[in-house]
Amino acid sequence: MIKLIVAYDQNKLIGNNDHLPWNIPEDLNHFKKETLNKTILFGEVTFNGIGRPLPNRKTIVLTLNKDFKFQHQNVEICNDFNEIVKTYKNNKNQDVIIAGGATIYKLFLPYVDEMIISKIKKTYKGNVYFPNWNENEFKLVKSIDKKDFIINWYTRI
């Protein structure tokens with residue numbers, strides 16, 4: 001299955017110059033809990049913004065840059081978006097979690113089976129936004145209200 005995880009503010013802001021606009025440890029812990037020991041996918045820019053593979057996760061870096069290299073046992077470089085969709089869409093035995101950035105989210109939105117969205121309760125300054133999505137295509141299945149954000153789990157209808 002293709003899953004997506006994102007945190008955005010009230011204006012769907014997700015980034016500020018390739019970094020998170022906020023520092024909310026509880027949301028970072030939520031991200032870790034949801035992705036630990038799973039396969040996550042970043043675009044090259046987001047991966048470079050993090051600067052390293054996240055521990056105890058397989059990371060796929062999707063990039064059009066055929067010269068991009070990163071040597072690590074848990075990092076796979078992929079240049080073919082369709083290969084990812086073919087491998088994971090409707091695959092009940094294997095998941096990939098799309099984890100950013102904005103271009104990657106936009107590419108995968110039509111194929112996502114499930115989404116986990118942390119809606120940050122405040123607004124921040126930045127320059128990268130989550131793309132618009134049609135809430136009528138998804139069903140809210142679970143919601144948890146935290147101090148600084150609300151976590152919503154959606155499945156595609």
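Residues numbered from 1 in each chain as written. Predicted model: local features only at pLDDT ≥ 70, side-chain atom pairs only at ≥ 80, totals over all residues. Heavy atoms only, no water.

A. Geometry of the sheet that holds strand E9 (residues 138–145). Here eight strands make up an open sheet; going across it, the order is E5-E4-E3-E6-E1-E7-E10-E9 and the pairing mixed. The sheet terminates laterally at strand E5 (75–78) and E9, the two strands that pair on one side only. Strand-to-strand twist in this sheet, taken as the mean axis angle between neighbours without regard to direction, amounts to 25°. Taken together, the four bridges between strand E4 (residues 58–62) and E5 define a ladder with parallel strand orientation. In the strand pairing of E5, Leu62 is matched with Cys78. Strands strand E1 (2–8), strand E3 (39–43), E4, E5 and strand E6 (96–98) of the sheet are contacted by helix H3 (residues 81–88), whose axis makes an angle of about 140° with E4. (Pairing = 2+ DSSP bridges. Helix = DSSP H or I, 4+ residues; strand = E, 2+ residues; numbered from the N terminus. Axes fitted to C-alpha atoms, helices over the stretch in contact; angles between N-to-C directions. Contact = heavy atoms within 4.5 Å.)

B. Quick look at the nonpolar core. In this structure, Leu4, Leu41, Ile98, Phe108, Met115, Phe130 and Trp133 are the most contacted members of the largest nonpolar core, which totals 26 residues. Broken down by secondary-structure element, the contributors of at least two residues to this core are E1, E4, H3, E6, helix H4 (102–108) and strand E7 (114–120). If sequence neighbours within four positions are ignored, Leu4 has contacts with Ile97, Ile98, Tyr105, Leu109, Val112, Glu114, Met115, Ile116 and Phe130. (Core = buried A, V, L, I, M, F, W, Y, C linked by side-chain atoms within 4.5 Å. Buried < 20%, exposed > 50% of the residue type's maximum accessible area, 1.4 Å probe, protein only.)

C. Inspection of the pattern of salt bridges at higher detail. Scanning the model with the defined rule gives seven salt bridges in all. A salt bridge links Lys3 to Asp95; its shortest N-O distance comes to 3.2 Å. Residue Lys3 is found in strand E1, and its partner Asp95 is found in the loop between H3 and E6; the two are separated by 92 residues along the sequence. The class for Lys3 is partly exposed, based on a relative accessible area of 21%. Assessed through its relative accessible area of 28%, Asp95 is described here as partly exposed. Glu137 is paired through a salt bridge with Arg156; the nearest N and O atoms lie 3.1 Å apart. Pair noted here: Glu137 is in the loop between strand E8 (128–129) and E9 and Arg156 is in strand E10 (residues 149–156), with a separation of 19 residues, a long-range link. Residues joined in a network through salt bridges with shared partners are Lys3, Asp95 and Glu114. (Salt bridge = Lys/Arg side-chain N within 4 Å of Asp/Glu carboxyl O.)

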